[in-house]
Amino acid sequence: METRQKLQYFLTLQLLLDQRRAAKSRMETPPEELQAHRARFAEKEKLLQGKRVELEKRKAEQATLQQEVEALQRERDHFRRQKTMVTNMRQLQAVVSELDHVESEIKTREEKLLSLWQQAETLEKEIAELASESEEERKLREELEAAFAVQREQAQKELTILEARVREVQKLLGSEGWEEFKKLWASRKPTVVVPMADGSCTHCHAQLRPYLVQVVREMEEFAFCDSCRRLLYDPELVQPLAS
C-alpha cells in the first residue's frame, strides 16, 4: 500500500475516532444546566439526609428520656405510698426529701422532653419542605432530563454509524496497516495524525526542519514531528475519505 493512501486512511481513522470520542462525551455528559440542576438536587438530598439523621437522634433521645420519666414516676408513687405509712417526723423528712429529689429529676427530664419535641417538630417541617418539589421545579427537571435523553439517543445513533465507518476503514487498511495504526494510537492517543502548517507541527507548534517538510510533502514515507512524534501530513495534499 502506498504511503499516501495509508496516510489518508490513518487521517480518516483519526477524524472518526475524534468524532466517536465527542459522541461518547455527549452520551455521558449532561448539558451544563442539567448538571447544575442535579448538583442542586444532590446538595438538597444531602441536607435532607442530614435532617433525617438528626430527627432520628432526637426521637431516640425522646424515647430514652420518656422511659426515665416513667421510671421516676413509679419511684415517686412508691415514696408517696411510703409517706402515708411513716410513724415519726424523722421518717417523714426522709421520705419528703426523696420525693423532692424525684420531682426535681422528673421536671428536668420533662423540660428536656419538651425541648426535644420542639426540635423534632422543627426538623419535620424542614424535612417536609426539602422533600417537596414545586410544579415549576418538577417541570424544569423533566424538560432537562428529556432533552438529555434525546441528546443521548442522537449520540448513540451517531456512534453506531461511526463504529461502522471505523470498521470499513480498518478493512481497507488490512491487518498489517491496522496493527500499525493501533501501535501509533497506543502511544500517541488521542492525537496520532496532525497537519503541518507553515512548516510547523500544529500539535506542539515546533518548527520543522526543511528536510522533514519535504518528506511530508513527498509522502514517500511517514514523517514524524521531531518534538512530539506525531505523524505529519500536508492538508493541501491529503484529505480524509469521503463519508
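Refer to the structure presented above.
What comes next is a walk through the structure. Worth saying up front: this structure is predicted, and the values here are computed from it rather than measured.

### Some details on the packing of helix α1 (residues 3-28) against helix α4 (residues 135-188)
Phase 1: Where α1 meets α4, the axes come as close as 7 Å, and the angle between the chain directions of the two elements is 150°. Considering the angle they form, α1 stands roughly antiparallel to α4. Like other packed secondary-structure pairs, α1 and α4 cross with a definite hand, here left-handed.
Phase 2: Looking at the contact of α1 with α4, its residues break down into 19 nonpolar, six polar and eleven charged.

### Focus: the layout of surface pockets
Phase 1: A volume near 280 Å³ is recorded for the largest pocket.
Phase 2: Lining the largest pocket are 14 residues, with F41, K44, S132, E133 and E137 positioned closest to its centre.
Phase 3: Those elements giving two or more residues to the lining of the largest pocket turn out to be α2 (32-83), α3 (89-131) and α4.
Phase 4: Of the residues forming the lining of the largest pocket, the biggest block, seven residues, is contributed by α2.
Phase 5: Looking at the lining of the largest pocket, its residues break down into five nonpolar, two polar and seven charged.

### What to know about the nonpolar core
Phase 1: L7, F10, L13, F181, V193 and L231 are the most contacted members of the largest nonpolar core, which has 26 residues in total.
Phase 2: Within the residue set of this core, elements represented by two or more residues are α1, α4 and β3 (231-233).
Phase 3: Among the elements that take part in this core, α4 stands out by supplying ten residues, more than any other.
Phase 4: When neighbours within four sequence positions are excluded, L231 is seen to be in contact with L7, F10, L184, V192, V193, V194, F222, A223 and F224.
Phase 5: C201, V213, V216 and C225 belong to the second-largest nonpolar core, a separate cluster that totals twelve residues.

Calculation notes
- Residues numbered from 1 in each chain as written.
- Predicted model: local features only at pLDDT ≥ 70, side-chain atom pairs only at ≥ 80, totals over all residues.
- Heavy atoms only, no water.
- Axes fitted to C-alpha atoms, helices over the stretch in contact; angles between N-to-C directions.
- Helix = DSSP H or I, 4+ residues; strand = E, 2+ residues; numbered from the N terminus.
- Parallel < 35°, antiparallel > 145°, perpendicular 65-115°, else oblique.
- Left-handed = near helix turned anticlockwise from the far one by under 90°.
- Nonpolar A, V, L, I, M, F, W, Y, C, P; charged D, E, K, R; others polar.
- 1 Å grid on protein atoms, 1.4 Å probe; cavity = no way out; pocket = protein on both sides within 12 Å on 5 of 7 lines; lining within 4 Å.
- Points joined across faces, edges and corners; volume = space filled by probe spheres on them.
- Core = buried A, V, L, I, M, F, W, Y, C linked by side-chain atoms within 4.5 Å.
- Buried < 20%, exposed > 50% of the residue type's maximum accessible area, 1.4 Å probe, protein only.
- Contact = heavy atoms within 4.5 Å.

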